Amino acid sequence: MSEPDVTPDLGGAQLGDTAQLVDAAKLDDGAQNGDPAFASQEAVRLEDVHKSFGDLEVLRGIDLSVAPHQVICLIGASGSGKSTLLRCVNLLESVNRGRILLWGQDVTAPGVDENAVRRHIGIVFQSFNLFPHMTVLRNITLGPTRVLGVPRDEAEEAGRALLVRFGLSEKQDDYPDRLSGGQQQRVAIVRALAMQPGIMLLDEVTSALDPELVSEVLGVIRELAAAGMTMLIATHEMGFARDIADRVCFLDEGVILEQGPPGQVFTAPGNSRTQQFLRRIVDAGRL
Amino acid sequence: MSEPDVTPDLGGAQLGDTAQLVDAAKLDDGAQNGDPAFASQEAVRLEDVHKSFGDLEVLRGIDLSVAPHQVICLIGASGSGKSTLLRCVNLLESVNRGRILLWGQDVTAPGVDENAVRRHIGIVFQSFNLFPHMTVLRNITLGPTRVLGVPRDEAEEAGRALLVRFGLSEKQDDYPDRLSGGQQQRVAIVRALAMQPGIMLLDEVTSALDPELVSEVLGVIRELAAAGMTMLIATHEMGFARDIADRVCFLDEGVILEQGPPGQVFTAPGNSRTQQFLRRIVDAGRL
Amino acid sequence: SYAAIAPHLYKVGVLTVATDSPAYEPWFDNNTPSNGKGYESAVAYAVGKQLGFSKSQVKWTVEPFDASFAPGPKKFDFDVNEISYTPERATVVSFSVSYYDVQQALIALKNSRIVKHHTPADLRTYVYGDQIGSTSLAFINTELRPTHQPSVFNTLNDAKSALQDGRIQALVADTPTAQYISSSEIPKSVLVGQFPSTGEHYGLLFAKNDPLVACVNKAIAALKVNGSLAKFQKEYLGIYTSVPTIKP
Amino acid sequence: MPVRGSREGAYLDEQTLLAAGAPPPGSFEGNGRGSHLLGGQRAAAVSTVSTVVFIGAVIALFVFAPGAAAVRHTFFNPQQMKQAFLGDPSKGLYSVGKGLILNIEMFLIAEVLILFCALVIAVLRQLRNPVLFPFRMLAVVYTDVFRGVPLIIVIYGIGFGAPALYIRGISTQSDFVYGIAALVLSYSAYVAEVYRAGINSVHQSQVAAARSLGLSQWKSLRFVVLPQAVRTVIPPLLNDFISLQKDTALVSTLGAVIEANRAAQIDSSTLFVYSSYTVAALLFLCLTIPLARFTDRLIARDVSRRLAGGRAVR
Amino acid sequence: MPVRGSREGAYLDEQTLLAAGAPPPGSFEGNGRGSHLLGGQRAAAVSTVSTVVFIGAVIALFVFAPGAAAVRHTFFNPQQMKQAFLGDPSKGLYSVGKGLILNIEMFLIAEVLILFCALVIAVLRQLRNPVLFPFRMLAVVYTDVFRGVPLIIVIYGIGFGAPALYIRGISTQSDFVYGIAALVLSYSAYVAEVYRAGINSVHQSQVAAARSLGLSQWKSLRFVVLPQAVRTVIPPLLNDFISLQKDTALVSTLGAVIEANRAAQIDSSTLFVYSSYTVAALLFLCLTIPLARFTDRLIARDVSRRLAGGRAVR
Ligand SMILES: Nc1ncnc2c1ncn2[C@@H]1O[C@H](COP(=O)(O)OP(=O)(O)OP(=O)(O)O)[C@@H](O)[C@H]1O
Ligand SMILES: Nc1ncnc2c1ncn2[C@@H]1O[C@H](COP(=O)(O)OP(=O)(O)OP(=O)(O)O)[C@@H](O)[C@H]1O
Ligand SMILES: [Mg+2]
Ligand SMILES: [Mg+2]
């Protein structure tokens, strides 16, 4: 909670910039892929990503570019494909068409080491997915010890520090089934954070948290962004999105209908579907 | 979404009234228990309810009285015992001390037919708990057909109508594991509604819903309250609580610190812990 | 005498005789007890005849060896299955008098050391094998007392196959069986010799205190006197005067 | 704050949330061994070749080993296999094929009874109501005893014991009936434990959801818990089906029931070859393999219905 | 809108959400049968009495039935039981107790090998990588064949077949080794299926969570899936342990391995009583029952650690 508000590095020009990058990438793939300098300008990039489950086409051509440090919020109706998008980025779902690039490297290409990719991406699932046979502390030290090779005591110490931060220090030896919904959600966040990922994918990460904790999480996210982490956040809480996002993407039936800084999207949406979505929220006094 | 706002039947005098009732009850139990006239004045009543898990005392003396038609919102920090309270009312947890009365009948007494009680109470779990081996439609018709004895086709027709209402008509033959978080939550709501309960216990029932759907649920809840349903709602969304509640109860570490109409609790909280809780929310612009 | 035994029969009007399946040669022929060939089959029919049963009134039934001494009602009138009399066994079931006096014999492969070396001391050094439930096995353990624990097989066939594959060095069986194995079944094998009699004999097996026993004993005695038993022995078992005797 | 590109530094500075930055280029490339366990094209070749070699070696063993001809003669003599299958009364040979029908009869009758009894026992064991403690104890003792005692002893005990008791109605049944009774007694204990595993694998929250609808304890078991439980334990249930099918053979120890294996045993000891056992084994395989394939298909269909797609990870 | 107090009206008016009102007074009272399956004090009495009566009846059967004395003499003769336990070489009687040690040895060696082989097979079967198709097929064929073929035939096949092949190293092993090989071959197929059930019972989302941390396929199996899988299938695993323990007896068909049951069989055929079988059965029970109680305790401890409280419903 050090910085009150993180202005995105790329400022207002950002959207145009990334649009440029996408085009450039399309023109010349090979040259840029190997170029670390180029890579550093984009943490995540989706090109024409399609994903179907059987007959149901859930993602229908997603193009998205995220610079390092950026916090992107995905908003949109229930079932619009937010979770699926995040799962695709983490390679938990294979895409049917299109590419996903992380730091300029195509991770959907054959021969990619999925485990190496995932080591650099954290994800907090909408349904938490904690390991029910492990204590809270084991849940959050499993990754560091078994993937990163951090010694057990070091990992536990760091894990405990994170638990304290999220008000869970008393629950470290409890098993997940004994936790309340909000406690489970916080453990899931800590589990992902403990891996020190470069990119975090947060799926409705405040849904079970009380407003006090939401503020706390908000602070943590800001801190992380300042420290260089890139974040994609799917959320239904517009207030939260407005507070945290460098850019808001409005997803509808598998396509990004509108994106831009929260100020712009929330106050002057261009697309009529976005307008409709937001009007009802504003009418209900929920923004 | 017929009525814009349901004013509680008992109006402002309500809190004082129930306080009276509680005292009266303590003075003379037997006489009032058998009296249907008395019973009809209270749908739910908790008297000094205590609940412990092992050494952890989660509910530490809850007294609560809810009149029919009323919508009560439980707010409070994560882990304060909201879910546990709701589970106790539905007899899913046995209380360690105290009594729970529904329509004047003590349901924590020995010899009570739990199934009969639960038939009149619906609960939507925080973690949804859909039946993964049944289609959406089977999930919502199981109760009506197997408990209420409604014929299968009648139950399915009614179920389909509810699904349409919640925008789920296309998913009726899907299995829960294939649904998005918000879709699952709506199925859980429909499953509980299909039983036509007299009391509904809603646990974070909007956590996975987009703002449009939240408004929809809000409308449904108002309609139900008007039709005579009593509701206890645990929620972290203060905006939602403010819009929907006849009364807000602030839970902290297993006790109700403060209760009253939302206007009163949110604007002029008496208790210092409540003040602190709300101050941070207001500071963050989240109310 | 038929009238005397009629009430005690398992099935009215027939003599029900049991044996195990397979029924081994030379005690039976071709696993078919009802053909009247083989020593035990012949004895059974002869006993039946003495009791007044025609050949068609003798019915055969299969009774596994293990089941023959189960408590409870028997499903046969008597069981003829190379079963040796012992006092312990006689506390559970009843036996007829001897219809055959048994001597044990030793079978080995022709090229085996045992063919030449079978002093009592030598005999202790070999690996023996035998069928479970046979008195031959008890004979090995109580008389030969080998240092290496003998192998025990479910059936005599398993024991024979073990002898063939060299998994055991020698097999002990009653002399007729041993003779049959070495002459007809395992060409590479030889009957090394027979041991002196220990007074062992085969008896027909009855339910404990079956009143039939007395009648059958009389019948067997008659068969002994009229030379039938000797005739059957000659016909089906041969006379093994040439078999050398070894001292255990 | 420095952006950490690699993992060499200290892990998570104390009290600080340190985000890692971009990993060095090329760090996502496969490491030659492929991303999956033994992935890649070379692995495909390796796995195919090694499988072929393995199967080939096993076959070669039976063809080229010094004693192979003798083994083939003993175990796979086609002439004698045919004889064993059909039987030949004139030679004292029983028909293994006819015997198999007895096995199937016993199996079917026993299985139905077992599935039912085992369910009752499993459910009794799950009851936590102190009132029913004696029943629960009985169920525990029952499983312990009948799992622990070898089936053959149960068969002996009933087949020889029941007639010995001279009780009307109990002591006068056929060996067929005694055999089935013994199979049911023994297998119910096993299958009950399989059910129990399935029931335990269903999460508590499912029961809570079922009961919250007002379903009784029995109905929530019937409609919510058991359907999920049984799906989970289909493979071990099938294990027990198959064992049962084979153990029907043991009933022959009672004497009167000449089923397939008993027939094979008699034939083999008559002819001094084991080909008849091979016939029995092959016949049993013809029953069990289709059953296994069928249940596999069932499981696969169930999984795909419930999860279609969304399974990039395993 | 009318408040509905009972359920007699039409169910859910079309398109309308109709809330039910208060049920009539007294509608929550138990209906005599109690709220639980057979709950209530009367039920307690019934269950206790019926259990006692049942056990009493079984005992009475063995004491008062007409043939009971003979049965007791054959099955429960204390003198002969002692003799069978200790053995008596002078009478050609084997020691059942000594035989049991052989059983335990075979069991322990086989079990370790089985748990390992079965795991490999189960994991091979789970692989969906097309590259590994041959291995998967091999695993499927293996389980089908070795589950389908009766253990006794596997024992015969190896114990009589291997020596008959006259292959150096293979044909000269002891019956003990052949027996264990046959047990491992046969039981691995069963236990692999039990593992598979366990693995399938772990929800897909658990694998997703494990892989999302960067755990490899093998590590997520090792740390996340298997620990949960094994917990679920402990009861059927124990089933197979116990069966295995009993089936070690079959190795005696090879001749040289005189384990407990074979010893009992010899004694019983020598003395014409079954008491020696009873001794063997009791000894086996002494091994299996503590094992069963121990695993039950394990499961209960695990459940209570994970769920303490919160289990009013089942
Ligand atoms: N495994 C699956 N199989 C089939 N359909 C699926 C699967 N997973 C998701 N879907 C479908 O894909 C669509 C998008 O789902 P997704 O979870 O991405 O939505 P979402 O935007 O995250 O919604 P929510 O806000 O409700 O969480 C939904 O209609 C859902 O039913
Ligand atoms: N089965 C259980 N065993 C042990 N402790 C439990 C159990 N269930 C809940 N608890 C504990 O009880 C406390 C209250 O839990 P509860 O779920 O009621 O909280 P809540 O108010 O619903 O929180 P949230 O807003 O996070 O859902 C928590 O500290 C939790 O860890
Ligand atoms: Mg989602
Ligand atoms: Mg909760």
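Participant: Explain the interface of chain E and chain C here, please?
Facilitator: Between chain E and chain C, the contact holds 33 residues from the first and 30 residues from the second. Taken together, both faces of the contact between chain E and chain C bury some 2,500 Å²; the carbon and sulfur share is 56%. For the pair chain E and chain C, the number of links is one salt bridge. Note that Arg167(C) and Asp175(E) form a salt bridge whose closest N and O atoms lie 3.6 Å from each other. Applying the counting criterion to the chain E and chain C interface returns five residue pairs in polar contact (both at pLDDT 80 or more). Of all the elements in the fold, those that place two or more residues in the side of chain E that touches chain C are α2 (68–75), α6 (151–164) and α11 (260–271) of chain E.

Participant: Explain the environment of Ala188(A) here, please?
Facilitator: All names here are of chain A. For alanine 188, the location among the structural elements is in helix α8 (residues 181–193). Sequence separation of alanine 188 and isoleucine 123 is 65 residues, and the distance between their C-alpha atoms is 8.6 Å. Dropping the residues within four chain positions of it, alanine 188 is found in contact with Val124, Phe128 and Leu130.

Participant: I keep staring at the packing of helix α4 (residues 96–126) of chain D against helix α7 (residues 175–201) of chain D and nothing clicks. Help me out?
Facilitator: Helix-helix packing is characterised by the crossing angle of the two axes and by the distance between the axes. Residues and elements named next belong to chain D. Interaxial distance between α4 and α7 falls to 6 Å at its minimum, and their mutual angle equals 45 degrees. With respect to each other, α4 and α7 are oriented oblique. Every pair of crossing elements has a handedness; the one defined by α4 and α7 is right-handed. Residue classes in the contact of α4 with α7 are distributed as 21 nonpolar, three polar and four charged.

Participant: Explain the interface of chain E and chain D to me, please; I cannot follow it from the model alone.
Facilitator: Interface size is often expressed as the accessible area that is lost when the parts come together. If you look at the interface, chain E gives 84 residues, while chain D gives 86 residues. The junction of chain E with chain D conceals about 7,200 Å² of combined surface from both sides, 67% of it contributed by carbon and sulfur atoms. The interface formed by chain E and chain D includes six salt bridges. A salt bridge links Arg125(D) to Asp296(E); its shortest N-O distance comes to 2.5 Å. Counting across the interface, chain E meets chain D through 18 residue pairs in polar contact (both at pLDDT 80 or more).

Participant: Can you walk me through the coordination of the magnesium ion (ligand 3) in this structure?
Facilitator: Under ideal tetrahedral coordination, the four donors around a metal are separated by 109.5 degrees; under ideal octahedral coordination, the six donors are separated by 90 or 180 degrees. All names here are of chain A. Taken together, the protein donors to the magnesium ion (ligand 3) comprise Ser83 (OG) and Gln126 (OE1), at separations of 1.9 to 2.2 Å. Taken as a pair, serine 83 in helix α4 (residues 82–89) and glutamine 126 in the loop between β6 (121–124) and α6 (136–148) lie far apart in primary sequence, 43 residues in all. Overall, the relative accessible area of 19% leaves glutamine 126 in the buried class.

Participant: Sorry if this is basic, but what is going on with the relation of the copies chain E and chain D here?
Facilitator: There are two copies of the chain, and a rotation about an axis plus a shift along that axis relates them. With an RMSD of 0.2 Å, the operation that places chain E on chain D is a rotation of 180 degrees combined with a shift of 0.0 Å along the axis. Given the turn and translation reported, the copies of this chain are related as if by a two-fold rotation axis. The fraction of interface residues of chain E whose copies in chain D are also interface residues reaches 100%, indicating that both copies meet through the same surface.

Participant: Got a minute to help me understand the sheet that holds strand β5 (residues 105–106) of chain B in this structure?
Facilitator: Paired through their backbone hydrogen bonds, the strands of a sheet run either parallel or antiparallel. Residues and elements named next belong to chain B. Pairing in this open sheet of four strands is antiparallel, and the strands run β2-β1-β4-β5 from one edge to the other. Edge positions in the sheet fall to β2 (56–66) and β5, since each of these pairs with one other strand and no more. Packing against the sheet, helix α4 (residues 82–89) makes contact with β1 (44–53), β2 and β4 (97–102), and its axis sits at approximately 115 degrees to β1.

Participant: Got a minute to help me understand the site of ligand 1 in this structure?
Facilitator: If you check the shell around ligand 1, you find 22 residues, and the closest are Ser78(A), Ser83(A), Thr84(A), Ser180(B) and Gly182(B). Chains contributing residues near ligand 1 are chains A, B and D. Gln183(B) is positioned with one of its side-chain polar atoms (N or O) 2.9 Å from an oxygen atom of ligand 1. Compared with its free state, where it exposes 630 Å², ligand 1 has 92% of that area covered by protein. Among the elements of the structure, β2 (56–66) and α4 of chain A together with α8 (181–193) of chain B are those that each provide at least two residues to the shell around ligand 1. Residue composition of the shell around ligand 1, by class: six nonpolar, 13 polar and three charged.

Participant: Where do I start with the site of ligand 2 in this structure?
Facilitator: The environment of ligand 2 is formed by 21 residues, the closest being Ser180(A), Gly182(A), Ser78(B), Ser83(B) and Thr84(B). In this structure ligand 2 sits where residues from chains A, B and E come together. One of the backbone nitrogen or oxygen atoms of Lys82(B) is found 2.8 Å away from an oxygen atom of ligand 2. Isolated, ligand 2 exposes 640 Å² of accessible area, and the fraction of that covered by the protein chains is 93%.

Participant: Just checking my understanding: could you explain the packing of helix α7 (residues 175–201) of chain E against helix α10 (residues 234–247) of chain E for this structure?
Facilitator: Residue and element names in this part refer to chain E. With their axes 10 Å apart at the nearest point, α7 and α10 run at an angle of 165 degrees to one another. One way to sum up the angle between α7 and α10 is to call them roughly antiparallel. Both α7 and α10 take part in a crossing whose hand is right-handed. Contacts between α7 and α10 involve Leu183, Tyr187, Tyr190, Val191 and Val194 from the former and Pro236, Leu237, Asp240, Ser243, Leu244 and Asp247 from the latter.

The rules we used
Residues numbered from 1 in each chain as written. Chains lettered and ligands numbered in written order. Predicted model: local features only at pLDDT ≥ 70, side-chain atom pairs only at ≥ 80, totals over all residues. Heavy atoms only, no water. Contact = heavy atoms within 4.5 Å. Buried area = accessible area lost by both parts, 1.4 Å probe. Salt bridge = Lys/Arg side-chain N within 4 Å of Asp/Glu carboxyl O. Polar contact = N/O pair within 3.5 Å; in protein donor to acceptor, adjacent residues only side chain to side chain. Helix = DSSP H or I, 4+ residues; strand = E, 2+ residues; numbered from the N terminus. Axes fitted to C-alpha atoms, helices over the stretch in contact; angles between N-to-C directions. Parallel < 35°, antiparallel > 145°, perpendicular 65-115°, else oblique. Left-handed = near helix turned anticlockwise from the far one by under 90°. Nonpolar A, V, L, I, M, F, W, Y, C, P; charged D, E, K, R; others polar. Donors = N, O, S within 2.8 Å, 3.2 Å for Na, K, Ca; no water. Buried < 20%, exposed > 50% of the residue type's maximum accessible area, 1.4 Å probe, protein only. Least-squares fit on C-alpha atoms with pLDDT ≥ 70 in both. Pairing = 2+ DSSP bridges. Near = heavy atom within 4 Å. Areas by Shrake-Rupley, 256 points an atom, 1.4 Å probe, with all protein chains shown as cover.

Keep in mind that these numbers describe shape and distance, not what the molecule does.
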